[in-house]
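Now for the letters of each chain:
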Amino acid sequence: MKPQHRIGTIDTDAYIDRIQADNAAGRCFICELADEQTTRTRETVAYRDEHCVVFFPPCPRLYAYCLLAPRRHATHVVSDFTDDDYLALQLRIHRLGRILTEITPTERLYVFSFGSMQGVAHVHWHLAPLPPGTPFREQQFAAVDTPDYLVIEKPELEELAQRIGAGMAHAERATRGFTS
């Protein structure tokens with residue numbers, strides 16, 4: 001059972017201003033996260049491999065809500081990838097989804113790609129585990145389109161990241177034929 005969390009409210013105007021200013025200045029926070037040398041402390045990275053980075057947003061709408069992005073900068077969700085590169089990312093999205101639904105109660109796992117050339121241009125997928133029993137009116141877009149977010153303390157987030165990272169690494173080893 002996951003612990004209860006305080007609820008915070010994001011200043012959406014300030015968020016939009018910051019994201020658009022970063023974009024206009026040519027800064028990409030996902031590229032910073034993808035590179036171990038430039039990772040910021042605002043986000044917690046759960047996993048990296050040669051294809052992707054998995055991280056938590058600073059203001060998660062749902063418990064274990066995370067994002068998966070290609071390590072290289074890409075802005076088009078389909079046309080910037082070869083078939084093999086796209087399938088490699090989708091395999092990781094599938095693995096991450098399975099891990100999330102194993103470690104947190106989930107009625108429905110939402111998987112979607114949002115972004116904007118005017119904001120966060122770097123392609124990324126959101127994986128959002130909807131808790132069981134969520135009233136219908138609070139599901140689907142309502143579950144993620146809210147200024148309210150869960151305040152998850154850093155130690156808990158790091159423990160969750162460790163579990164996700166270990167699960168992703170185990171799945172990768174199993175695919176390559178190693179199980180230890």
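These figures come from a predicted structure and were not determined experimentally.

Thresholds applied
- Residues numbered from 1 in each chain as written.
- Predicted model: local features only at pLDDT ≥ 70, side-chain atom pairs only at ≥ 80, totals over all residues.
- Heavy atoms only, no water.
- Helix = DSSP H or I, 4+ residues; strand = E, 2+ residues; numbered from the N terminus.
- Buried < 20%, exposed > 50% of the residue type's maximum accessible area, 1.4 Å probe, protein only.
- Polar contact = N/O pair within 3.5 Å; in protein donor to acceptor, adjacent residues only side chain to side chain.
- Contact = heavy atoms within 4.5 Å.
- Pairing = 2+ DSSP bridges.
- Axes fitted to C-alpha atoms, helices over the stretch in contact; angles between N-to-C directions.
- Phe/Tyr/Trp six-rings, centres within 6.5 Å; stacked < 30°, edge-to-face > 60°.
- Core = buried A, V, L, I, M, F, W, Y, C linked by side-chain atoms within 4.5 Å.
- UniProt positions renumbered as here; feature names shortened; annotations may be inferred.

> Whenever I open this one, the side chain of Asp49 confuses me. Can you help?
Locating Asp49 in the fold gives a position in the loop between strand 2 (44–48) and strand 3 (52–56). With relative accessibility at 9%, the residue Asp49 sits in the buried group. One polar contact links Asp49 to Tyr47, side chain to side chain, over a distance of 3.1 Å. Those residues in contact with Asp49 that sit more than four places away from it in its chain are Arg71 and Arg92.

> I would appreciate a short explanation of the environment of Leu91 in the present structure.
With respect to the helices and strands, Leu91 occurs in helix 3 (residues 83–103). Under the relative-accessibility criterion, Leu91 is labelled partly exposed at 36%. Residues Leu91 and Asn23, spaced 68 residues apart in sequence, show a C-alpha to C-alpha distance of 29 Å.

> Please explain the pairing of strand 6 (residues 125–130) as it appears in this structure.
Strand residues, when the strand is regular, have side chains that alternate between the two faces of the sheet. Of all six residues in strand 6, six are buried; the element is thus mostly enclosed. Of the two faces of strand 6, the one lined by Trp125, Leu127 and Pro129 and the one lined by His126, Ala128 and Leu130 are each fully buried. Relative to strand 6, strand 5 (residues 108–112) is paired through five bridges, and the arrangement is antiparallel. Across the sheet, Tyr110 pairs through a bridge with Ala128, a residue of strand 6.

> Would you mind showing me how to read the sheet that holds strand 6 here?
Strand pairing within a sheet occurs via backbone hydrogen bonds; the two strands may be parallel or antiparallel. Read across the sheet, five strands follow the order 2-3-4-6-5 without closing on themselves; strand pairing throughout is antiparallel. Edge positions in the sheet fall to strand 2 and strand 5, since each of these pairs with one other strand and no more. Strand-to-strand twist in this sheet, taken as the mean axis angle between neighbours without regard to direction, amounts to 20°. Against the sheet, helix 3 engages strand 3, strand 4 (66–70), strand 5 and strand 6, with an angle of about 20° to strand 6. Contacts from helix 5 (residues 154–175) reach strand 2 and strand 3, with the element oriented near 10° to strand 2.

> Just checking my understanding: could you explain the packing of aromatic side chains for this structure?
Between two aromatic rings, the relevant description is the distance of the centres plus the angle of the planes. Using the criterion set out here, one finds five aromatic pairs in the structure. Measuring from ring centre to ring centre gives 6.2 Å for Phe81 and Tyr86, while their planes differ by 55°; the resulting arrangement is tilted. The class for Tyr86 is partly exposed, based on a relative accessible area of 25%. For the pair Phe112 and Phe114, a centre-to-centre distance of 4.8 Å together with 55° between the ring planes defines the contact as tilted.

> Is there a simple way to think about the nonpolar core in this case?
For soluble globular proteins, nonpolar side chains are generally found buried alongside one another. Counting residues in hydrophobic clusters, the biggest one holds 26 residues, and the most contacted among them are Val54, Phe56, Leu68, Leu96 and Ile164. At the level of secondary structure, the elements contributing two or more residues to this core comprise strand 2, strand 3, strand 4, helix 3, strand 6 and helix 5. With residues up to four places along the chain from it excluded, the contact list for Leu96 reads Val54, Cys66, Leu68, Leu127, Ile164 and Met168. In this structure, Leu67, Phe112, Val120 and Val144 belong to the second largest nonpolar core, which totals 19 residues.

> Just checking my understanding: could you explain the UniProt feature "domain: HIT" (unreviewed entry) in the protein for this structure?
Here, the residues flagged by UniProt with the feature "domain: HIT" (unreviewed entry) are residues 42–129. Taken end to end, residues 42–129 is 24% helix and 28% strand, and its first and last C-alpha atoms sit 21 Å apart.

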